[in-house]
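Structural features, examined
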Amino acid sequence: MSEKIYVLIDHGEGEIRTPSLESLALGQRMAEEAGFSLHALILGNEIGPLAERLGKQKVDSVLLVEDQKLANYDPDVYCRALSEILTEDQPYLFLMGHIYQNIDLAPKLAAAINRGLVTDCIGYRKEGDDFVFVRQMFRNKLNADVQFRSEHPWIVTLQTGATSVDDLKEGSGQVVERSLDLSAVELRRKQLEAFEATQGKVDLSQAELIVAVGRGIKKAENLKIIEELAEALGAEIAASRPVVDSEWLTRDRQIGSSGQTVSPRLYLACGISGAIQHIVGMKNAQCIVAINTDPNAPIFNIATYGIVGDLFEIVPALTKKLKE
Amino acid sequence: MKLLTCLKQIPDRDTRYEINAAGTGIKTSDLTFEISECDEYSLEESLKLREEHGGEVAILTLGPQRAEKSIRKGLAMGADRAILVRDDEGKVTTPHAVAKVLAEVLKEEEYDLILTGTQSDDWSYAQTGVLLAELLGLPHATIVMEIRADPAQKKVKALREMESGWFQWVELPMPAVLTIQAGISQIRYASLKGIMQAKKKEIRNVELSDLNVDLSSIPEIEVLKVYFPVVEKKAEILQGSTAEVVEQLVEKLKKEAKVL
Ligand SMILES: Cc1cc2nc3c(=O)[nH]c(=O)nc-3n(C[C@H](O)[C@H](O)[C@H](O)COP(=O)(O)OP(=O)(O)OC[C@H]3O[C@@H](n4cnc5c(N)ncnc54)[C@H](O)[C@@H]3O)c2cc1C
Ligand SMILES: Cc1cc2nc3c(=O)[nH]c(=O)nc-3n(C[C@H](O)[C@H](O)[C@H](O)COP(=O)(O)OP(=O)(O)OC[C@H]3O[C@@H](n4cnc5c(N)ncnc54)[C@H](O)[C@@H]3O)c2cc1C
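Keep in mind the model is a prediction, meaning the values are calculated, not measured.

1. Notes on the domain arrangement of chain B
Often, the extent of an interface is quoted as the loss of accessible area upon association of its parts. Per the domain assignment, the segments making up chain B are domain 1 (2–217) and domain 2 (230–260). Here the C-alpha centroids of domain 1 of chain B and domain 2 of chain B sit 43 Å apart.

Right, dumping it as structure tokens:
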């Protein structure tokens, strides 16, 4: 019997979430290379149509687990359900997206079944017969190749955007319903109100020109040069998370995974390193300009034009030039 | 309330990393170190909770002796005492192993709230806090941006950050583990008085060998290789003096990219 790869499919508001499709695409590639079978695993309540849709992808089967208790994510129930399935089925690998829900869940699962977990991977390579996983660390400045020394299933979470859903292959897989007895699981976490913080405030999604500022600005008083540049361009001001965390600008100007997503004509990033959580919010800008003292800053990997230099020199000079 | 903050010491932000001889980590000699960003926020949060509800704030660190310096800073900010589990040789190298060691120490006494960072700024696995909760059998919430504790009812409300600017309140029974996100509140500076007082506060050193942890039973992951990523730089880097690059940029934005 061949080994199995399982992929967890997350969903919300009746839609499969993109990071899960990315994981599925990676799973397809790995299964093909290793000659393993691939199975999509989806938990929820009344999600038959989603399972049907998954069955149209190139998978060997879709495991569908439905229970009222699984209608909304809860760490205790989800962990129990996954523990039971993984312990019984013993897949080789369990892939999931490195999304907030799985940051909450994956380590709990790993501890519950005492298996290894490698988080936030950007890819893999084959080392002999084994898969080795690649992840970023040290503020994205270094990569590491990490290998499991633990028993299977190995649990891996995959960074958003690390693979493309365009790579997904269609096919047909049978939906297999699986019932679990979750009645005894006690839900310790009570879900209360959810709300959108930026609603009704600054909306940058329609902005044509954006000047974005990062920790490189060093302190709130220095923001003046950014304001002057934005004014000269007629641009909106946006920021990376640390600038907002320090309360130099308001939360509704934050771009990234926990902020707004923008796609302006021009995104001028000053003193921003280009962490993945920032990039996901602005990578669709038509033209990206990066000003940074560090020639190895990851922002230069996605920028159209780059200036390696001190923003305290470049920004005022640029403002002056634009005013001419 | 009895509060405990897990605090990790890491190489500071401006470090120019060098790969170590084995190729599996970084050279740590000659570096300067600081408290991991989320942990500084988490300590601040426990100090605020103590101000509101009374009680004490303890710090727990696993690390080599040099970590004492970061712990002193935490004590100067206002923490009452600290425990340092000494790992001078770097024997504990995975999140699961770290969590197991921390859990062993935390079993000694009960805390109402245990706070960790969401993720460290060096190895950045984002696992330790949740592993710790499960190993201790405690409920948890991750990526927390606000805390409202109710010690009388033994309950805590935590505001979880979600994706794309969404937030959700959850309620947990205490004791519980919360993983704190950067930006939860503004970090205080240590006062001169705080710095003086910190010198007299206790840092209890615990030897790894004195703890009853079996590291061999831990599901291991091994770092085979650490390296600088090879990236294809997409950006056209503009060359010249400040005046020259600025002139080129404006020209290109107008004529080439046609965005101005
Ligand atoms: C769960 C989670 C969610 C997150 N969500 C977001 C999010 O939504 N948005 C977001 O932005 N981040 C988010 N982050 C944080 C993210 O991981 C990074 O820490 C953050 O984006 C870094 O911001 P930065 O680039 O401004 O700072 P740094 O990474 O510190 O970079 C500062 C840059 O400025 C440069 N610099 C310094 N001085 C100068 C100078 N004089 N001139 C020019 N350049 C200079 C430096 O070379 C450096 O590249 C999130 C993190 C987590 C864990
Ligand atoms: C001397 C030394 C050498 C090491 N060498 C290596 C190595 O070569 N390879 C390797 O993979 N790992 C090594 N480690 C361990 C590594 O630094 C991490 O502690 C471990 O992998 C946990 O992962 P993380 O930092 O990504 O934690 P995350 O899961 O990202 O951390 C989240 C939070 O958990 C808490 N936390 C994490 N670690 C500690 C701690 N030590 N003390 C208190 N609280 C903590 C903090 O609140 C932190 O914000 C070494 C550790 C030491 C002390």
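Further notes follow.
2. Here we look at the interface of chain A and chain B
Taken together, the 78 residues of chain A in the interface contact 82 residues of chain B. At the boundary of chain A with chain B, total buried surface from both sides reaches about 7,500 Å², with 56% on carbon and sulfur atoms. Connecting chain A to chain B are ten salt bridges. Salt-bridge contacts for Arg241 of chain A lead to Glu161 of chain B; the nearest nitrogen and oxygen are separated by 2.9 Å. The element that contributes the greatest number of residues to the side of chain A that touches chain B is helix H4 (residues 100–113) of chain A, accounting for eight residues. When the residues that make up the side of chain A that touches chain B are grouped by side-chain class, the tally is 38 nonpolar, 17 polar and 23 charged. Sheet topology note: the strand S17 (residues 305–308) of chain A/strand S13 (residues 236–237) of chain B ladder contains two bridges and is parallel.

3. Here we look at the side chain of Arg50 of chain B
All names here are of chain B. Of note, Arg50 is situated in helix H1 (residues 37–53). Of the residues examined, Arg50 reaches a relative accessible area of 18% and is grouped as buried. Sequence-distant contacts of Arg50, defined by excluding residues within four places in its chain, comprise Leu3, Gly55, Glu56, Val57, Gly78, Ala79 and Asp80.

4. Quick notes on the site of ligand 2
All names here are of chain B. Near ligand 2 there are 28 residues, and of these Lys8, Asp39, Tyr125, Gln127 and Thr128 occur at the shortest range. Measuring from an oxygen atom of ligand 2, one finds a backbone N or O atom of Ser124 at 3.0 Å. Between an oxygen atom of ligand 2 and a main-chain N or O atom of Gln127, the distance comes to 2.8 Å. About the coverage of ligand 2: the protein hides 89% of its 920 Å² of free accessible area. Secondary-structure elements contributing two or more residues to the shell around ligand 2 are strand S4 (56–63), helix H3 (95–106) and strand S6 (113–117). Here the shell around ligand 2 is composed, by residue class, of 13 nonpolar, twelve polar and three charged.

5. Some points on the state of the cysteines
A covalent bond between the sulfur atoms of two cysteines is referred to as a disulfide. Across all of its chains, the model carries zero disulfides over all chains by this definition. Here Cys79 of chain A stays unpaired: no disulfide links it, and the sulfur of Cys121 of chain A, its closest cysteine neighbor, is 19 Å away. When its relative accessible area of 4% is taken as the criterion, Cys79 of chain A is described as buried. Free cysteine Cys6 of chain B: the closest other cysteine sulfur is in Cys38 of chain B, separated by 13 Å.

6. Section: the site of ligand 1
Residues and elements named next belong to chain A. As a structural note, the neighbourhood of ligand 1 is formed by 30 residues, with Ser240, Ile255, Ser258, Ser273 and Asn292 the closest of them. Contact between ligand 1 and Arg215: an oxygen atom at 2.8 Å from a main-chain N or O atom of the residue. Between an oxygen atom of ligand 1 and a side-chain N or O atom of Gln254, the distance comes to 2.8 Å. Counting only elements with at least two residues in the shell around ligand 1, the list comes to helix H6 (241–245), helix H7 (276–279) and helix H8 (311–323). Class assignment for the residues of the shell around ligand 1 results in seven nonpolar, 17 polar and six charged.

Here is what the cut-offs are and how they apply
Residues numbered from 1 in each chain as written. Chains lettered and ligands numbered in written order. Predicted model: local features only at pLDDT ≥ 70, side-chain atom pairs only at ≥ 80, totals over all residues. Heavy atoms only, no water. Domains from an automatic or database assignment. Contact = heavy atoms within 4.5 Å. Buried area = accessible area lost by both parts, 1.4 Å probe. Salt bridge = Lys/Arg side-chain N within 4 Å of Asp/Glu carboxyl O. Helix = DSSP H or I, 4+ residues; strand = E, 2+ residues; numbered from the N terminus. Nonpolar A, V, L, I, M, F, W, Y, C, P; charged D, E, K, R; others polar. Pairing = 2+ DSSP bridges. Buried < 20%, exposed > 50% of the residue type's maximum accessible area, 1.4 Å probe, protein only. Near = heavy atom within 4 Å. Polar contact = N/O pair within 3.5 Å; in protein donor to acceptor, adjacent residues only side chain to side chain. Areas by Shrake-Rupley, 256 points an atom, 1.4 Å probe, with all protein chains shown as cover. Disulfide = S-S within 2.5 Å.

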